[in-house]
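# Descriptive structure summary
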Amino acid sequence: MDMFRVSHPDVRLRPALPAISAVVGLLALTACSGSGQTTGPSSPAASSERSRTTSTQPATPYDRSSVMRIQLTLDGHPVRATLNESPAAQDFAALLPLSLELEDFHRTERVADLPRKLGTSGAPVAPTPRAGDLAHYAPWRNLALFYRDGEASPGLVVLGHLDDSQDIDRLATADRVTIKSLT
């Protein structure tokens, strides 16, 4: 993973993407305010932000519902999770079983490269990940296992969630994960 970061200098841009989207949205709003138009920012992040502030529902249309049960083995400890019904989660399930090396990212998630990018058609724009979420970050083609609540990021697709919140703490220090289907 270190070689990936060295050979891809844009890796450090991921945390800045929501801020960049917000600035673009603010600039669009400022530009429209002088023309008499009453429309707000048109960036996907701004739309996502509006929907999050007006609703207590999760940002994903799949509501993290169950279609496939999986087992993660984190450094030898079995942990159960459930994938949602999204096409990306189904595409992820087609890759199983997987064995991946994990690396910490911003003291929020453990990440690992997937063998290929998952299909993301119909995926929601910039969902806000919660602790225990399994997600795919399409721009980097990686799996993200969140042990803390994250920030909305364009290209992030929530695939599922750990079944037991007590298992979330294991994610923070896990170095290796094996994932297999239970159904």
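Provided above is the structure to which this section pertains.
Because the structure is predicted, anything quoted here is derived from the model rather than measured. (Residues numbered from 1 in each chain as written. Predicted model: local features only at pLDDT ≥ 70, side-chain atom pairs only at ≥ 80, totals over all residues. Heavy atoms only, no water.)

Right, let's get into the overall build of the protein. Helix and strand counts for the protein stand at five helices and nine strands. Reading the protein from its N terminus to its C terminus gives the helix and strand order α-α-α-β-β-α-β-β-β-β-β-β-α-β. Burial status across the protein gives 42% buried among its 183 residues. Long-range pairs, those at least 24 residues apart, make up 65% of the contacts in the protein between residues at least 6 apart in sequence. Carbon and sulfur atoms provide 54% of the accessible area of the protein, an area that totals close to 9,600 Å². (Helix = DSSP H or I, 4+ residues; strand = E, 2+ residues; numbered from the N terminus. Buried < 20%, exposed > 50% of the residue type's maximum accessible area, 1.4 Å probe, protein only. Contact = heavy atoms within 4.5 Å. Areas by Shrake-Rupley, 256 points an atom, 1.4 Å probe, with all protein chains shown as cover.)

Position of Leu83 among the secondary structure elements: in strand S2 (residues 77-83). The sequence separation of Leu83 and His161 amounts to 78 residues, and the corresponding C-alpha distance is 6.6 Å.

A few words on the environment of Asp167. By the secondary structure assignment, Asp167 is in the loop between strand S8 (156-162) and helix H5 (168-171). Once residues lying within four places of it in the same chain are set aside, the contact partners of Asp167 are Val79, Arg80 and Leu162.

With that settled, the discussion passes to the packing of aromatic side chains. Counting across every chain of the model gives two aromatic pairs. A centroid spacing of 5.0 Å and a plane angle of 85° characterise the contact between Tyr137 and Trp140, whose relative ring orientation is edge-to-face. Relative accessible area serves as the criterion here: at 1%, Tyr137 is assigned to the buried category. Every member of this aromatic cluster is reached through a ring pair, and the members are Phe105, Tyr137 and Trp140. (Phe/Tyr/Trp six-rings, centres within 6.5 Å; stacked < 30°, edge-to-face > 60°.)

The subject of this paragraph is the sheet that holds S8. Taking strand neighbours across the sheet as the criterion, the nine strands line up as S3-S9-S1-S2-S8-S6-S7-S5-S4 in an open arrangement whose pairing is antiparallel. Two strands lie at the open edges of the sheet, namely strand S3 (98-101) and strand S4 (103-105), each paired on one side alone. The sheet shows a mean angle of 30° between the axes of neighbouring strands, direction not considered. Where strand S6 (residues 133-137) and S8 come together, five bridges link them in antiparallel fashion. By the bridge assignment for S8, Asp133 is matched with His161. Helix H4 (residues 87-95) contacts strand S1 (68-74), S2, S3, strand S7 (142-146), S8 and strand S9 (176-181) of the sheet and is inclined by roughly 65° relative to S8. (Pairing = 2+ DSSP bridges. Axes fitted to C-alpha atoms, helices over the stretch in contact; angles between N-to-C directions.)

In this section: the nonpolar core. Counting residues in each nonpolar core, the largest one holds 31 residues, and the members touching the most others are Ile70, Leu72, Phe92 and Leu159. The set of elements that each furnish at least two residues to this core consists of S1, S2, H4, S3, S7, S8, H5 and S9. Per-element tally for this core: the top contributor is H4, with five residues. Here Phe92 is in contact with Ile70, Leu83, Leu98, Leu114, Leu118, Leu143, Leu159 and Ile179, once residues within four sequence places are set aside. Ala135, Trp140, Phe146 and Leu156 belong to the second-largest nonpolar core, a separate cluster that totals eight residues. (Core = buried A, V, L, I, M, F, W, Y, C linked by side-chain atoms within 4.5 Å.)

What follows is about the pairing of S7. Judged by how many residues are buried, S7 sits mostly within the fold: five of five residues are covered. Judged from the five bridges that link them, strand S5 (residues 109-113) and S7 form a sheet pairing that is antiparallel. Its bridge partner lying in S7, Val111 is registered against Ala144. As judged from the four bridges shared by S6 and S7, these two strands associate in the antiparallel manner. Residue pairing across strands places Leu134 opposite Leu145, the latter belonging to S7.

Turning to the pattern of salt bridges, a few remarks are in order. This structure, assessed with the given rule, holds five salt bridges. Measuring nitrogen to oxygen at the nearest pair gives 2.7 Å for the salt bridge that ties Asp91 to Arg116. With Asp91 in helix H4 and Arg116 in the loop between S5 and S6, this pair connects stretches of sequence that are 25 residues apart. Between Arg176 and Glu101 there is a salt bridge, with the nearest N and O atoms lying 2.1 Å from each other. (Salt bridge = Lys/Arg side-chain N within 4 Å of Asp/Glu carboxyl O.)

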